[in-house]
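Secondary and tertiary structure notes
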Amino acid sequence: MLSPTSNPVAGYAEALSRFEVYLDRVCRNYLYLQKKLKKGTDCAAVVKADAYGLGAAAVVPELYKANCRHFYVAKADDGLAVRAALKGQDAHVYVLNGPYGAAPKELAQNHLIPALNTLGDIEYWAGFARDGGQRQPAIIHLDTGMNRLGLSAVDVTRLKSNLTLLKSLDIRYVMSHLACADEPEHPKNPEQLKKFVELIGQLGLPCRLSLANSAGIFLGSDYHFDQVRPGCAIYGINPQISLPNPMQGTVALKARILQIRDAVCGETVGYGANYKLSSPAKLASISAGYADGLLRSFAGGGVVYINGQKCPVVGRVSMELIVADVTQVTPSPHEGGWAELIGEHQSVDDLAAAAKTIGYEILTSLGGKYKRIYSGQGYSCAVR
Ligand SMILES: *Cc1c(COP(=O)(O)O)cnc(C)c1O
């Protein structure tokens with residue numbers, strides 16, 4: 001053999017990376033959350049950003065089989081994609097960013113229910129309903145401290161003095177969103193809960209209510225109301241980062257080792273030559289970079305696993321390459337072999353921590369970049 005590190009069965013013709021999605025674990029996570037709810041609370045699923053990068057077309061039908069009947073997206077187009085994934089099956093699809101991005105008629109025809117975040121949204125959607133002579137479903141979003149979207153206390157007072165505006169609307173939920181639910185002891189949580197109840201009282205509408213995201217579910221039944229809206233926990237991200245993760249990881253990502261080389265003490269690795277070897281090292285160049293959704297901030301603290309052994313990423317993250325120090329790995333890795341980025345040894349949250357970000361950003365940035373390999377379809381049918 002010409003090279004001591006090449007693998008005679010390197011599989012040159014095979015893919016350079018493998019992104020797997022375990023749909024059974026998505027369903028398990030959903031069912032786990034559902035079991036935590038007080039009686040009568042519906043468990044919706046947030047599937048915005050293409051189901052946090054896992055692919056709404058595959059995730060939505062599985063959650064439907066797990067009896068999920070409420071789906072949240074951010075944008076109208078994604079709502080249409082969820083409708084398509086549902087293939088005519090009956091479920092509620094809500095659009096968080098409001099009645100934007102499609103003609104109101106198209107939203108209505110596809111039964112996409114907008115969250116109305118401003119008085120302007122309410123006027124617009126109520127006007128459309130009145131003109132068509134048909135009540136239109138909607139969610140009213142109240143701001144209770146995020147200062148992001150939703151009616152302020154002043155807006156609520158103004159709406160209250162103009163309640164006829166709501167006559168043409170069928171208000172399915174009044175919702176709000178928690179800013180700090182992932183920190184269970186944060187005083188903002190009870191503050192927002194109190195504000196929510198106050199604003200609801202002021203509005204004085206008989207309405208179903210929704211407040212909690214994934215982390216909000218873990219704050220206890222006071223936060224559950226009529227519907228919860230988990231996203232991250234369904235996809236295996238730890239909803240309360242300071243506690244052990246009760247959720248199961250739902251994705252795995254592996255990338256191929258393209259080259260193994262020996263470098264001597266004092267040599268540098270990668271762009272900028274800012275990583276200098278302090279001893280001789282065996283280096284593996286791996287086919288994954290920032291264009292593959294691996295953030296540049298992954299350099300400096302990131303690791304990959306080869307043969308189940310931890311290997312530090314050295315030097316900068318390139319567009320489609322990283323380099324790992326594999327000096328300690330036994331048996332020695334070979335060219336054409338695999339490095340684990342996410343999987344058994346490293347969770348999405350671990351990878352996120354190394355890249356100084358959150359699991360959400362990792363999942364959504366990996367999302368569209370790979371051909372997804374799905375397994376575990378039909379899990380919820382099997383458990384029933
Ligand atoms: C994204 C989002 C959620 C889901 O949040 P997670 O932290 O992923 O559970 C719920 N509600 C709103 C309004 C959101 O924007």
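Residues numbered from 1 in each chain as written. Predicted model: local features only at pLDDT ≥ 70, side-chain atom pairs only at ≥ 80, totals over all residues. Heavy atoms only, no water.

1. Here's the deal with the packing of aromatic side chains
Put simply, the rule is: Any two of the Phe, Tyr and Trp rings considered here, Trp counted by its six-membered ring, make a pair once their centres fall within 6.5 Å; the pair's planes then place it as stacked at under 30 degrees, edge-to-face at over 60, or tilted in between. Runs of E in the DSSP output that reach at least two residues are strands. Runs of H or I that reach at least four are helices, and both are numbered from the N terminus. Burial classification: accessible surface area is computed with a 1.4 Å probe over protein chains only, and a residue below 20% of its type maximum counts as buried, one above 50% as exposed, and the rest as partly exposed. Criterion for a charge above a ring: Arg CZ or Lys NZ at most 6 Å from the ring centre, at most 35 degrees from the ring normal.
Taken as a whole and judged by the stated rule, the model has 7 aromatic pairs. Relative to Phe225, the ring of Phe196 has its centre 5.3 Å away and its plane inclined at 85 degrees; by these criteria the two rings are edge-to-face. Placement of Phe196 in helix H8 (residues 188–203) and of Phe225 in the loop between helix H9 (214–217) and strand S10 (227–228) is noted, with a sequence separation of 29 residues between them. Each member of the pair Phe196 and Phe225 is classed as buried. Among the aromatic residues, ring-to-ring pairing joins Tyr52, Tyr235 and Tyr360 into one connected group. Residue placement shows Arg69 over the ring face of Tyr64; its charged tip is 3.6 Å from the ring centre. Directly above the ring of Trp338 sits Arg256, whose terminal nitrogen or CZ lies 5.3 Å from the centroid.

2. Considering the packing of helix H3 (residues 56–65) against helix H4 (residues 76–86)
Packed helices, taken two at a time, are described by their axes: the angle between them and the distance between them. Quick note on the threshold: Lines are fitted to the C-alpha atoms to define the axes, a helix being fitted only along its stretch in contact, and any angle between axes, read from their N-to-C directions, falls within 0 to 180 degrees. An angle below 35 degrees is read as roughly parallel, one above 145 as roughly antiparallel, one from 65 to 115 as roughly perpendicular, and any other as oblique. In this scheme the handedness of a crossing depends on how the near helix is turned from the far one: anticlockwise by less than a right angle means left-handed, clockwise means right-handed. We call two residues in contact when some of their heavy atoms are within 4.5 Å. The classification used treats Ala, Val, Leu, Ile, Met, Phe, Trp, Tyr, Cys and Pro as nonpolar, Asp, Glu, Lys and Arg as charged, and all other residues, Gly among them, as polar.
Running from N to C, H3 and H4 point in directions that differ by 55 degrees, and their axes come no closer than 8 Å. Considered as vectors, H3 and H4 are oriented oblique to each other. Relative to H4, H3 is oriented so that their crossing is right-handed. Residues Ala56, Ala57, Val60, Pro61 and Tyr64 of H3 touch H4, and the partners they reach there are Val82, Ala85 and Leu86. Class assignment for the residues of the contact of H3 with H4 results in 8 nonpolar, no polar and no charged.

3. Some thoughts on the pattern of salt bridges
For side chains of opposite charge, pairing can occur when their charged atoms come near one another. Stated formally: In the sections that follow, a salt bridge refers to a side-chain nitrogen of Lys or Arg positioned within 4 Å of a carboxyl oxygen of Asp or Glu.
According to the stated counting rule, one finds 8 salt bridges in the structure shown. Glu62 serves as the salt-bridge partner of Lys65, at 2.7 Å between the closest nitrogen and oxygen. Separated by 3 residues within a single helix, Lys65 and Glu62 lie in helix H3, roughly one turn from each other. The residue Lys282 makes a salt bridge to Asp262 at a minimum N-O spacing of 3.3 Å. Taken as a pair, Lys282 in strand S14 (residues 281–286) and Asp262 in strand S11 (residues 251–263) lie far apart in primary sequence, 20 residues in all. Note on Lys282: relative accessible area 18%, which makes it buried. We classify Asp262 as exposed; its relative accessible area is 61%.

4. Concerning the pairing of strand S7 (residues 136–141)
Just so we agree on the cut-off: Criterion used throughout: strands pair if DSSP finds at least two bridges between them. The handedness rule is simple: strands pointing away from the viewer, and a clockwise path from the first strand over the helix to the second, make the crossover right-handed.
Within S7, 6 of the 6 residues are buried, which leaves it mostly tucked inside the rest of the structure. Residues of S7 alternate between two faces, with Gln136, Ala138 and Ile140 on one and Pro137, Ile139 and His141 on the opposite face, all of them buried. With 2 bridges joining them, strand S6 (residues 112–116) and S7 adopt parallel strand pairing. Residue pairing in the sheet places Leu116 in a bridge with Ile140 of S7. The parallel pair S6 and S7 is bridged by helix H6 (residues 119–132), and the resulting crossover is right-handed.

5. Regarding the nonpolar core
Test applied: As used in this record, nonpolar core signifies buried Ala, Val, Leu, Ile, Met, Phe, Trp, Tyr and Cys residues forming a set joined through side-chain atoms within 4.5 Å. The source of the domain bounds is an automatic or database domain assignment.
Ranked by internal contacts, the top residues of the largest apolar core, which has 121 residues, are Val47, Leu63, Phe71, Ile122 and Val304. Taken domain by domain, the makeup of this core includes at least three residues from each of domain 1 (36–235) and domain 2 (250–375). Ranked by size, the runner-up nonpolar core spans 7 residues in total, among them Val269, Leu277, Ala281 and Val323.

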